[in-house]
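Inside the fold
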Amino acid sequence: MRGWLVFVLSAGVALCAAVVLLVPQQKPDTLGAVALLMMILAIGLARSRPVPPLMFFPSRAMIFLLIAVAVAVPVAVVARAFGRLDLLALVFHIEFGMQGAGLSDLRNEILTAVLAGLFYLGALVVLSRMTARKESVLVGGAAVLVGFNPLVLVVALGLVQDQPALNLTTRLAVPQITRPQVLPDVIVIYLEGVDRAFADAARFGTAYDPIRDLEAEGLTLTGVAQVDGTGWSMAGIVASQCGVPLLPNGLRFRNNYSGQVDFLDGQTCLGDVLHAHGYSAAFVVGGEGGFAGLDHFVATHSNGELVDKETMARMYDAPTYAAATAGWIMDDQMVFDAALRTHDDLRATGRPMFLTVETTGPHGDNAFVARRCVPDGQARILRDLPAAARCTTALMEDFIARVRAMDRDRPLAIVVMSDHINHSAHMARDAPRAGRRNTVVLVGLGQTPARIGREASMMDVYPTVLAWLGFAPLDVRAGLGVSLFAPVPTLREEVPPDVLDANLMRDPALARAVWQPEPSGDSGF
């Protein structure tokens, strides 16, 4: 009986490890914990059994398995870093990014893949020792890693799929900038994950009401979909402030940009435009400023002082800071309070201000609920998206009301948007990404209630905001985005979603043009 339990547990370890190595979209945390527990139990059950001697010279089957694991591990590292694996882009990105793209940016992916490889190898060895067909077990285990390797699948799909090339590099544009008659204060609020699905009152109650109130007086963009390269916080910020997707830079992708000091320095972003017109600026976020390279983006594109978790530790007393801590971030109540203090500092400079506020709230299935919305006054992580969304939007409503009260004597423009579609797996099952839209509302500057329902992406938000603020003509292009005020088709209107996504992520020339653009003349400053 004990032997069968060891066999089953070892098979479970092998299965968990194989999923981590072969399915880059699968988060490794739970699988890794389960595999570790099963391995500990197997070792405990087998401790009184004689250990079969290991062969000094490995058999051919063992060599085959070692080679399969050795190939699977680096492929898993890259696939997990990129979220997928594309052969053509991979070859280019490795060559393109070797200078300055250290492997330290991939330390989490490397550790995950190496441990999974060791677990898989160890489990297969144990299984082979417990069966009469030792060589068959090893060969079968190796065949699984080879046959289902993401690299092999990509090559196979490439032989049967033929996506048209869009040559998106020709669409990249530097915005032509003009100077408006009035320089308004500009406040951009990212409500993480509060996409338009939260307008469903039957499911989320009053969570969207504060946003509906803003829509009743402002310009609402109802057709802003999520395209590849814009679907997480850093990417949503880049797309909506620079007009380009956050594409891989060598071995860097998604949140692995902590070492990217020159962060898209060839792009003209919103902070660059406002800085050229004398704005003072600040960026307030409840997490660590170095996460995903946000600090480098803020510094590169003149988003001003970065007020992050570390800064807040100096701004508030220890009990308040502890109560506002939810997991690894500060709650949105502290974020908005710090934003108000920062607003006062920027106002005191006498110059127009550019203030960006990034919340966390209903990030995904694990949501962050602020102190004000929890009975005991301790911010925490809960699996309660409606509560987190209601709390964050209510805090936003209070913040905007207080800013408006203080800025009655100054022109004020407020942009409220979700940084990306919510990460909740439950919401994704109920409403697939293709049918969901980001929240984008522009309020102030005498704007009357209006809606634009054109199919667009977060890249189109940037030139639309530039035109709305008066810093660019109504038909301005910026990056891959176009102003929604002009009768110029967006990429979403021109290209089927699957074709657009495939081209965004599989075009090495586009990645090169985004990260290392050629000089293109006057930006209009």
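Heads up: the structure comes first, above all this text.
What comes next concerns the included structure. A quick note: this is a predicted structure, and the numbers were derived from the prediction, not measured.

This part is about the pairing of strand E11 (residues 412-417). With 6 of its 6 residues buried, E11 lies for the most part within the structure. Of the two faces of E11, the one holding Leu 412, Ile 414 and Val 416 and the one holding Ala 413, Val 415 and Met 417 are both buried throughout. Pairing analysis gives 6 bridges linking strand E1 (residues 185-190) to E11, with the strands arranged parallel. Across the sheet, the residue bridging to Ile 187 is Ile 414, located in E11. Looking at chain direction, E11 and strand E12 (residues 440-444) are connected through 5 bridges and run antiparallel. Residue pairing in the sheet places Val 416 in a bridge with Val 441 of E12.

Moving on to the sheet that holds strand E4 (residues 280-285). Sheet architecture is open: 8 strands sit in the order E5-E4-E8-E1-E11-E12-E2-E13, paired in mixed fashion. The open sheet is flanked by strand E5 (305-307) and strand E13 (450-452), the only strands paired with a single partner. Mean inter-strand twist for the sheet, computed between neighbouring axes without regard to direction, equals 15 degrees. In this structure, strand E2 (residues 219-221) lies alongside E13, joined through 3 bridges in parallel fashion. Across the sheet, the residue bridging to Leu 221 is Ile 452, located in E13. Packed onto the sheet, helix H15 (residues 332-348) meets E1, E4, E5 and strand E8 (353-358) and runs at close to 170 degrees relative to E8.

Counted under the stated rule, the structure contains 2 disulfides. With its sulfur 2.0 Å from that of its partner, Cys 242 forms a disulfide with Cys 269. A torsion of 110 degrees about the S-S bond marks the disulfide between Cys 242 and Cys 269 as right-handed. One end of the pair, Cys 242, is in helix H10 (residues 233-242); the other, Cys 269, is in the loop between H10 and helix H11 (270-276), and 27 residues separate them in sequence. Grouping residues by exposure puts Cys 242 and Cys 269 together as buried. The side chain of Cys 373 participates in a disulfide bridge whose partner is Cys 391; the two sulfur atoms lie 2.1 Å from each other. Here the disulfide of Cys 373 and Cys 391 is right-handed, its torsion about the S-S bond being about 85 degrees. One end of the pair, Cys 373, is in the loop between strand E9 (367-369) and strand E10 (380-382); the other, Cys 391, is in helix H16 (residues 385-406), and 18 residues separate them in sequence. Looking at the protein, its bonded cysteines, counted consecutively from the start of the sequence, adopt the pairing 1-2, 3-4.

Right, let's get into the packing of H15 against H16. Remark: H15 packs on H16, axes separated minimally by 10 Å, with the N-to-C direction vectors making an angle of 15 degrees. The angle between the axes of H15 and H16 places the two elements in the roughly parallel class. In the packing of H15 onto H16, the handedness of the crossing is right-handed. Residue-level inspection shows Asp 332, Gln 333, Phe 336, Ala 339, Leu 340, His 343, Asp 344 and Arg 347 of H15 in contact with H16, the latter providing Thr 392, Leu 395, Met 396, Phe 399, Arg 402, Val 403 and Met 406. Taken together, the residues of the contact of H15 with H16 break down into 8 nonpolar, 3 polar and 4 charged.

Another point: the pattern of salt bridges. Once the charged atoms of two side chains with opposite charge are near each other, the side chains can pair. For the coordinates displayed, the defined rule picks out 17 salt bridges. The residue Arg 171 makes a salt bridge to Glu 494 at a minimum N-O spacing of 2.9 Å. Linking Arg 171 in the loop between helix H7 (150-160) and E1 with Glu 494 in helix H19 (residues 491-494), this pair joins segments that are 323 residues apart in sequence. On the basis of relative accessibility, which here comes to 43%, the residue Glu 494 falls in the partly exposed class. One salt bridge connects Asp 337 with Arg 341, and the closest N-O pair in it is separated by 3.3 Å. Of the two residues, Asp 337 and Arg 341 both sit in helix H15, 4 residues apart, roughly one turn of that helix. For Arg 341, a relative accessible area of 37% puts it in the partly exposed group. Salt bridges sharing common partners tie together Arg 196, Glu 215 and Arg 451.

The next point concerns the packing of aromatic side chains. On inspection of all chains with the given rule, the structure shows 6 aromatic pairs. Note on Phe 198 and Phe 204: the rings are 4.3 Å apart at their centroids and 35 degrees apart in plane angle, and the pair reads as tilted. Here Phe 198 and Phe 204 have matching classes, each one buried. Ring centres of Tyr 279 and Phe 471 lie 6.2 Å apart, and the angle between their planes is 65 degrees; on these two criteria the pair is classed as edge-to-face. One end of the pair, Tyr 279, is in the loop between H11 and E4; the other, Phe 471, is in the loop between helix H18 (458-469) and strand E15 (477-478), and 192 residues separate them in sequence. The class of Phe 471 is buried, set by a relative accessible area of 0%. Through successive ring pairs, a cluster of aromatic residues spans Phe 263, Phe 297 and Trp 515.

Within the element layout of this structure, His 343 appears in helix H15. Each residue touching His 343, except ones within four places of it in the same chain, is listed here: Ile 187, Met 353, Leu 355, Val 403, Met 406 and Asp 407.

On to the side chain of Thr 230, then. Along the chain, the position of Thr 230 falls in the loop between strand E3 (224-225) and H10. Only 2.6 Å separates the side chain of Thr 230 from the backbone oxygen of Val 227, close enough to count as a polar contact. Ignoring anything within four residues of it in the chain, the contact list for Thr 230 reads Ala 235, Gly 236, Ala 239, Pro 245, Asp 419 and His 420.

A few words on a nonpolar patch on the surface. The grouping of Leu 111, Val 114, Leu 115 and Leu 118 at the surface amounts to a nonpolar patch, some 350 Å² of accessible area in total. If you trace the backbone, Leu 118 turns up in helix H5 (residues 107-129). Overall, Leu 118 belongs to the exposed group, its relative accessible area being 52%.

The rules behind these values
Residues numbered from 1 in each chain as written. Predicted model: local features only at pLDDT ≥ 70, side-chain atom pairs only at ≥ 80, totals over all residues. Heavy atoms only, no water. Buried < 20%, exposed > 50% of the residue type's maximum accessible area, 1.4 Å probe, protein only. Helix = DSSP H or I, 4+ residues; strand = E, 2+ residues; numbered from the N terminus. Pairing = 2+ DSSP bridges. Axes fitted to C-alpha atoms, helices over the stretch in contact; angles between N-to-C directions. Contact = heavy atoms within 4.5 Å. Disulfide = S-S within 2.5 Å. Parallel < 35°, antiparallel > 145°, perpendicular 65-115°, else oblique. Left-handed = near helix turned anticlockwise from the far one by under 90°. Nonpolar A, V, L, I, M, F, W, Y, C, P; charged D, E, K, R; others polar. Salt bridge = Lys/Arg side-chain N within 4 Å of Asp/Glu carboxyl O. Phe/Tyr/Trp six-rings, centres within 6.5 Å; stacked < 30°, edge-to-face > 60°. Polar contact = N/O pair within 3.5 Å; in protein donor to acceptor, adjacent residues only side chain to side chain. Patch = residues over 30% accessible without salt bridge, like charges linked within 9 Å, V, L, I, M, F, W, Y side chains within 5 Å. Areas by Shrake-Rupley, 256 points an atom, 1.4 Å probe, with all protein chains shown as cover.

Read these as layout, nothing more, since geometry by itself doesn't imply function.
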